[in-house]
Amino acid sequence: MAPKSVPPHVEPQPSHAAQGLPEIPTVYRGQGCFRRLGLCVGMLTLVAAHSVAAASHTGTDTRLRCDVVYLPAHSTWTREVVLTHAGQRLRTVAIDGVAVYTFALNGPVVLTSLDNERIQLDLSQPAWRSDFRGLAFGQGLCALLP
């Protein structure tokens, strides 16, 4: 089998064996880089997920228990809200253990949504208001948990 040629734009490097290091295989385009690229992307995704999880655990958690009455069914649900903040900045909002995708602040009011429910958390009272796209709505008071 003929030795593989080095592309003209790659300068030869001293071999790892000459430096006393273990040999590292070099991957050029067309020689399985896409299989290795999938592995690299998977590893980067794992590292990014770990760093996001570590970042979400930094800060102080404020826990609220909200007793919400949903109308027109007149059913009462207890909802747990976890607000993670670092200093004056709100980092994450989780409702019933599920982190919301996005949220906005309007003064003391946190605006967010979960599934098909649009939620307003008024932190000055604290209170919960929500609606399901006009079909049903809920409201209730929240208590600060230790």
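Everything below is about the structure printed above this text.
Participant: What's the story with the state of the cysteines in this structure? I'm lost.
Facilitator: What makes a disulfide is a covalent bond joining the sulfur atoms belonging to two cysteines. Scanning the entire structure with this criterion turns up one disulfide. The disulfide partner of C66 is C142, and the S-S distance across this bridge is 2.0 Å. In this structure the cystine formed by C66 and C142 twists about its S-S bond by roughly 105 degrees; its chirality is therefore right-handed. With a gap of 76 residues between them, C66 in strand β1 (residues 60-71) and C142 in strand β9 (residues 137-145) connect regions that are remote in the sequence.

Participant: Any chance you could explain the sheet that holds strand β2 (residues 75-86) here in plain terms?
Facilitator: Whenever strands of a sheet pair, they do so through backbone hydrogen bonds, lying parallel or antiparallel. The sheet built from nine strands is open, its strands ordered β4-β3-β2-β1-β9-β8-β7-β6-β5 with antiparallel pairing. For this open sheet the edge positions go to β4 (98-99) and β5 (103-106), each flanked by a neighbour on one side alone. Where β1 meets β2, eleven bridges bridge the pair, whose relative direction is antiparallel. Bridge pairing links R65 to E80 in β2.

Participant: What is the right way to read the pairing of strand β7 (residues 117-122) from this model?
Facilitator: Put simply, side chains in a regular strand alternate between the two faces of the sheet. When strand β6 (residues 109-114) meets β7, the two strands line up antiparallel, connected through six bridges. Within the sheet, the bridge partner assigned to L111 lies in β7 and is Q120. Connecting β6 to the next strand, β7, in antiparallel fashion are two residues, including D115 with a positive phi near 60 degrees. Bridge analysis of β7 against strand β8 (residues 127-131) gives five bridges, and the strand direction is antiparallel. Bridged to D122 within β8 is A127. Following β7, the chain reverses through four residues before pairing antiparallel with β8.

Participant: Looking at this structure, how should I read the environment of L83?
Facilitator: Checked against the element boundaries, L83 lands in strand β2. Separated by 16 residues in the primary sequence, L83 and A99 place their C-alpha atoms 9.8 Å from one another.

Thresholds, definitions, all that
- Residues numbered from 1 in each chain as written.
- Predicted model: local features only at pLDDT ≥ 70, side-chain atom pairs only at ≥ 80, totals over all residues.
- Heavy atoms only, no water.
- Disulfide = S-S within 2.5 Å.
- Helix = DSSP H or I, 4+ residues; strand = E, 2+ residues; numbered from the N terminus.
- Pairing = 2+ DSSP bridges.

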